[in-house]
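The residues making up each chain are set out below.
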Amino acid sequence: RGAQAFVSCLWSVQEEPSRIFVESLYDRLIAGDSIGEAAVKARTKAHTPADPSTWLGFVIYARPDAKFVKS
């Protein structure tokens, strides 16, 4: 139905870093960042020494320069 991006995980991830990643990703997209910029910022925010792998588990299939457009 016209989806321009797909966000998923490559492996099982922890709940709290996942919540942080998703909230940060969408906050940054709404703020006007490109999906590439938003993904980098969201991964950085979700990274914690206590959980060394969740922040790397997320994949986004989209043009990195794509931006969220309100309709």
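Let me sum up the structure you'll find in this document. (Residues numbered from 1 in each chain as written. Predicted model: local features only at pLDDT ≥ 70, side-chain atom pairs only at ≥ 80, totals over all residues. Heavy atoms only, no water.)

Thoughts on the pattern of salt bridges
A side chain with one charge may pair with a side chain of the opposite charge, provided their charged atoms come close. Evaluated as defined, the whole model comprises five salt bridges. A salt bridge links Asp33 to Arg28; the nearest nitrogen and oxygen atoms lie 2.9 Å apart. Among the residues examined, Asp33 registers a relative accessible area of 8% and is labelled buried. In this structure, a network of salt bridges that share partners links the residues Glu16, Arg19 and Glu23. (Salt bridge = Lys/Arg side-chain N within 4 Å of Asp/Glu carboxyl O. Buried < 20%, exposed > 50% of the residue type's maximum accessible area, 1.4 Å probe, protein only.)

A few points about the side chain of Ser18
The residue Ser18 is located in helix α1 (residues 15-31) in this model. In terms of polar contacts, Ser18 uses its side chain to reach the backbone carbonyl oxygen of Gln14, at 2.5 Å. Contacts of Ser18, omitting those with residues within four sequence positions, involve Val13, Thr54 and Phe58. (Helix = DSSP H or I, 4+ residues; strand = E, 2+ residues; numbered from the N terminus. Polar contact = N/O pair within 3.5 Å; in protein donor to acceptor, adjacent residues only side chain to side chain. Contact = heavy atoms within 4.5 Å.)

What to know about α1
Taking 1.5 Å per residue as the helical rise, α1 with its 17 residues ought to reach 24 Å, and the 24 Å between its terminal C-alpha atoms agrees with that figure. Considered for burial, the residues of α1 that qualify are Pro17, Ser18, Phe21, Ser24, Leu25 and Leu29. Here the buried residues of α1 occupy an arc of 140° about the axis, which is enough to place them on one side. Along α1, exposed side chains directed more than 90 degrees from the buried face belong to Glu15, Asp27, Ile30 and Ala31. For α1, the secondary structure elements touched by its buried residues are β1 (6-9), α2 (35-46) and β2 (58-61). (Expected span 1.5 Å × (residues − 1). Arc of directions from axis to C-beta.)

Focus: α2
Its twelve residues give α2 an end-to-end C-alpha distance of 16 Å, which sits within 8% of 16 Å, the value for a rise of 1.5 Å per residue. Buried residues of α2: Ile35, Ala38, Ala39, Ala42 and Ala46, and no others. Along α2, the residues classed as buried sweep out an arc of 100° about the axis, all on the same side. Exposed and facing more than 90 degrees away from the buried side of α2 are Val40 and Thr44. Tucked inside the fold, the buried residues of α2 contact α1 and β2.

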